[in-house]
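Fold and geometry: a report
Read off the chains here:
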Amino acid sequence: ARLSELYNTGRYEEAIPIANQLLEFGKKLNGLEGESVGLAWLGMFYSALARHDEAAKAFRKQLQNEKKTFHPEHIRVAATMVNLASVYSDTGKYNEAEPLLHRALLIQEKVHGKAHQDVASTLLNLAHLYVQQARYVEAEPLFQRTLAIREKVLGPEHPGVALTLGGLGTLYSYLGRYEEALSLFNRSLTINEKSLGTTHPRVATAASNLAGIYADLGRYSE
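Below or above, wherever it landed, is the structure these notes cover.

Cut-offs and rules
Residues numbered from 1 in each chain as written. Predicted model: local features only at pLDDT ≥ 70, side-chain atom pairs only at ≥ 80, totals over all residues. Heavy atoms only, no water. Helix = DSSP H or I, 4+ residues; strand = E, 2+ residues; numbered from the N terminus. Buried < 20%, exposed > 50% of the residue type's maximum accessible area, 1.4 Å probe, protein only. Lys, Arg positive; Asp, Glu negative; His and termini not counted. Salt bridge = Lys/Arg side-chain N within 4 Å of Asp/Glu carboxyl O. Polar contact = N/O pair within 3.5 Å; in protein donor to acceptor, adjacent residues only side chain to side chain. Contact = heavy atoms within 4.5 Å. Expected span 1.5 Å × (residues − 1). Phe/Tyr/Trp six-rings, centres within 6.5 Å; stacked < 30°, edge-to-face > 60°.

Structural notes on the side chain of Arg150
In this fold, Arg150 is placed in helix α7 (residues 136–153). This buried residue, Arg150, is left without a salt bridge; Asp118 holds the nearest opposite charge, at 8.5 Å. In this structure the side chain of Arg150 is engaged in a polar contact, spanning 3.1 Å, whose partner is the side chain of Thr164. Those residues in contact with Arg150 that lie beyond four places of it in its chain are Gln117, Ala120, Ser121, Leu124, Gly155, Gly160, Val161, Leu163 and Thr164.

What follows is the structure, encoded as structure tokens:
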């Protein structure tokens with residue numbers, strides 16, 4: 001509970017010594033599985049602080065532990081693969097991130113089925129990875145599949161749907177498909193304002209995206 005509070009309030013540096021204590025205590029009490037809990041927290045805090053090398057080291061060790069503790073296709077193994085892939089993606093190590101996401105996706109689909117929220121999240125990570133590499137044709141169906149899952153599972157006016165709309169809209173803006181991007185950004189802004197309030201940072205992001213499209217279309221007054 002203490003670590004969750006520190007993470008949610010952005011007190012990452014303060015949390016790292018506590019996470020290290022949890023790691024050591026967990027290792028003594030519960031072996032590799034206990035150690036993995038501490039490693040997971042450390043990876044999250046290091047990632048939040050952009051201490052990428054330390055985050056990757058923690059997640060790699062966690063992944064090794066979980067493959068020994070659980071089955072290699074356990075859902076917790078998949079979750080750690082996604083976390084490690086995110087660190088690799090943030091540091092431009094796309095060739096290392098991509099196979100981890102593909103492997104995690106296969107595990108999640110096997111365990112949960114193809115229309116689960118975890119599947120949608122991993123698909124979205126993979127779509128963003130492709131966008132970072134300008135692999136737009138490959139990214140589009142992943143965004144669309146993510147959107148379909150989230151609309152079904154979360155409902156059409158959930159912030160997770162708005163986030164996906166924003167990603168797909170950005171992709172269309174890169175492709176010069178401005179009218180499609182405009183529609184998606186408008187919908188994203190409406191959902192975010194309704195669900196998060198008009199002063200939330202995601203509302204600002206959606207409004208900024210929308211303004212960019214209007215500028216690209218020469219509709220400067222809007």
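Looking at helix α6 (residues 117–132)
End to end, α6 covers 23 Å across 16 residues, agreeing with the expected 22 Å (1.5 Å per residue, within 8%). Elements that come into contact with the buried residues of α6 comprise α4 (75–90), α5 (94–112), α7 and α8 (159–174). Note on α6: the residue one or two positions beyond its end, Ala134, has a positive phi of about 60 degrees.

What to know about the packing of aromatic side chains
Taken as a whole and assessed by the stated rule, the structure comprises five aromatic pairs. A centroid spacing of 6.3 Å and a plane angle of 45 degrees characterise the contact between Tyr12 and Phe45, whose relative ring orientation is tilted. Looking at Phe45, the relative accessible area reads 0%, which means it is buried.

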